[in-house]
Amino acid sequence: MPDTVLSEIRRLGQMSVGELHGRYVEVFGEPARSRNRDYLRKRIAWRIQELAEGGLPERVKARALALARDADLRVVPPRAPRGVPVPPKLPAIASEPRDPRTPSAGATFRREFRGATHEVTVLEDGFEYKGRRYKSLSAVAREITGTRWNGWAFFGIAPREKG
């Protein structure tokens, strides 16, 4: 690696995030979306080396594209920036099969705990306790006790049959 490239890369370690942003625009031609100092430093160093010594061979680029085509899609969407309202979640297209221990919607579970009676209503897509919706019976049990519980065990429901 030429000394000029090496000295340029060493200088990146002394730059502030603002200076790195300016340098990023110089080498990439567009503003950076990150404020992470190490990420910016590494990306700029890579680009400086690429410009000085040439990039990846076409064969390697083609292989990378082929691998990317075969990769799974992102399953977790990126978080919205602060201050931007998050759109409501869409209903699931294919729902998971309902647990056979769960009674039909409208049924209730009752449990005495620490001198109080707690009542949970079964919904089509979860459970309701004190006007709030929960995805699982375990979440309701955690709300009641303050500790992690298997919801089925807490409410005294028979264990799931194996097989």
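For the structure, see preceding data.
Reading the values: rules and limits
Residues numbered from 1 in each chain as written. Predicted model: local features only at pLDDT ≥ 70, side-chain atom pairs only at ≥ 80, totals over all residues. Heavy atoms only, no water. Axes fitted to C-alpha atoms, helices over the stretch in contact; angles between N-to-C directions. Helix = DSSP H or I, 4+ residues; strand = E, 2+ residues; numbered from the N terminus. Parallel < 35°, antiparallel > 145°, perpendicular 65-115°, else oblique. Contact = heavy atoms within 4.5 Å. Nonpolar A, V, L, I, M, F, W, Y, C, P; charged D, E, K, R; others polar. Pairing = 2+ DSSP bridges. Core = buried A, V, L, I, M, F, W, Y, C linked by side-chain atoms within 4.5 Å. Buried < 20%, exposed > 50% of the residue type's maximum accessible area, 1.4 Å probe, protein only. Expected span 1.5 Å × (residues − 1). Arc of directions from axis to C-beta.

**Thoughts on the packing of helix α1 (residues 3-12) against helix α3 (residues 37-53)**
Logical step 1: Packing of α1 against α3 brings their axes to within 10 Å, and their N-to-C directions diverge by 170 degrees. One way to sum up the angle between α1 and α3 is to call them roughly antiparallel. Every residue of α3 that contacts α1 at V5, E8, I9 and L12 is listed here: R37, R41, I44, A45, I48, Q49 and A52.
Logical step 2: For the contact of α1 with α3, the class distribution of residues is seven nonpolar, one polar and three charged.

**As for the sheet that holds strand β4 (residues 132-134)**
Logical step 1: If you walk across this open sheet you meet the four strands as β1-β2-β3-β4, and the pairing is antiparallel. What marks the edges here is a single partner per strand, and that holds for β1 (108-113) and β4. Across the sheet, the axes of successive neighbouring strands diverge by a mean angle of 30 degrees, strand direction being ignored.
Logical step 2: Strand direction decides the pairing type here: β1 and strand β2 (residues 116-123), joined by six bridges, are antiparallel. Paired with T108 across the two strands is T121, which belongs to β2.
Logical step 3: Where helix α5 (residues 137-145) meets the sheet, it contacts β1, β2, β3 (126-129) and β4, and its direction lies at approximately 25 degrees from that of β3.

**A look at the nonpolar core**
Generally speaking, a soluble globular protein has its nonpolar side chains buried in company with each other.
Logical step 1: Judged by nonpolar contacts, the single largest core of 15 residues is most densely connected at F109, V120, F127, L137, V140, I144 and F155.
Logical step 2: Only β1, β2, β3, α5 and α6 (151-154) provide two or more residues apiece to this core.
Logical step 3: When residues in this core are grouped by element, the largest group, five residues, is from α5.
Logical step 4: Setting aside chain neighbours within four positions, we find L137 in contact with F109, V120, F127, G151, W152 and F155.

**Observations concerning helix α4 (residues 58-70)**
Logical step 1: For α4, built from 13 residues, the straight-helix expectation of 18 Å at 1.5 Å per residue is met to within 8% by its first-to-last C-alpha distance of 19 Å.
Logical step 2: Burial analysis of α4 places just one of its 13 residues in the buried class, a small minority of the element.

**Considering helix α2 (residues 17-28)**
Owing to its 3.6 residues per turn, the α-helix aligns residues three or four sequence positions apart on the same side.
Logical step 1: Between its first and last C-alpha atoms α2 spans 16 Å; for 12 residues at 1.5 Å apiece the expected length is 16 Å, and the two agree.
Logical step 2: All of the buried residues along α2 are L20, H21, R23, Y24 and V27. Seen end-on, α2 carries its buried residues on one side only, within an arc spanning 170 degrees.
Logical step 3: Buried residues in α2 make contact with α1 and α3.
Logical step 4: Backbone geometry just after α2 places G29 at a positive phi near 80 degrees.

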